[in-house]
Every structure is written in C-alpha cells, then in structure tokens.
Amino acid sequence: MTKDQIVYDDFARVEMRLGRIVEVLEFPKARNPSYKIRVDFGAHGMRWSSAQITNYARDELLGRRVVCVVNMPPRNIAGFLSEVLILGVPNAAGEIILLTTADDAEIGGEVA
C-alpha cells in the first residue's frame, strides 16, 4: 500500500452512500473529458458531480448504481459545483470502472 495508515475514526468520518445516476450532461468546459452527472440518493436527495468517466457512453451511465463520497465540501470545476465524488478504480488501460453494489442494496444506503 502507498498511503499512510489511518485509524478507524478517520475512516468513519467518510460518508459513502449508494446512488443512482439519473442525468448525464456533456461538460465541454472541463479541462479533462468529463460529464456533469446528477445522482439520486433516495431520501437524501439529489446531488451533482463532475466525473472523468467518458469511457462510458452517456446512455450507459443512466440508471447505473454508484458508490459516492457525499460529505466533502462542493468543489468548483470550470464554473460547475461538484457536490459528491463518484468512486471508481482504474483498469489496465487507465479507464475508471465505477464501484457499485448488488442490486438489492438500498439507494441512499450508507456504506458500512
């Protein structure tokens, strides 16, 4: 591993929830190819994210379940406020593969 070790309390401060992608817009102002993505967290409402996941087609993302960090402050990216961080892992080609859950996990549910 490459990062400093943390204690459980550090991890417990990170709020990760399961959301569903409900809208995907082009983001031509972004420095790197990105989408503007609206994520539904059920009872926790909707939030926007800027994500460099253009290896996915827009229609391929709609309805997809994603794991997101939801308690970071909004970040201004090319004039757009990104409110959540959508999580993924790079594949061998460097493309981001989105983290998801089994279909029976509840939208808005917190990662435990």
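Here's a quick rundown of the structure.

The rules behind the values
- Residues numbered from 1 in each chain as written.
- Predicted model: local features only at pLDDT ≥ 70, side-chain atom pairs only at ≥ 80, totals over all residues.
- Heavy atoms only, no water.
- Patch = residues over 30% accessible without salt bridge, like charges linked within 9 Å, V, L, I, M, F, W, Y side chains within 5 Å.
- Areas by Shrake-Rupley, 256 points an atom, 1.4 Å probe, with all protein chains shown as cover.
- Salt bridge = Lys/Arg side-chain N within 4 Å of Asp/Glu carboxyl O.
- Helix = DSSP H or I, 4+ residues; strand = E, 2+ residues; numbered from the N terminus.
- Phe/Tyr/Trp six-rings, centres within 6.5 Å; stacked < 30°, edge-to-face > 60°.
- Buried < 20%, exposed > 50% of the residue type's maximum accessible area, 1.4 Å probe, protein only.

**Here we look at a nonpolar patch on the surface**
Among the surface-exposed residues, Ile6, Tyr8 and Phe11 lie close enough to one another that they form a single nonpolar patch of about 350 Å² accessible area. Tracing the backbone shows Ile6 in the segment before helix H1 (8–12).

**Digging into the packing of aromatic side chains**
Using the criterion set out here, one finds three aromatic pairs in the structure. Geometrically, the ring pair formed by Phe27 and Phe80 is edge-to-face, given 5.5 Å between the ring centres and 65° between the ring planes. Here the residue Phe27 occupies a position in the loop between strand S1 (16–26) and strand S2 (35–40), and Phe80 occupies one in strand S6 (residues 80–82), the gap between them amounting to 53 residues. An identical accessibility class is assigned to Phe27 and Phe80; each is buried. Look at Trp48 and Phe80: their rings are 6.0 Å apart centre to centre, the planes differ by 90°, and that puts the pair in the edge-to-face class. Pair noted here: Trp48 is in strand S3 (residues 46–51) and Phe80 is in strand S6, with a separation of 32 residues, a long-range link. For Trp48, a relative accessible area of 23% translates into the label partly exposed.

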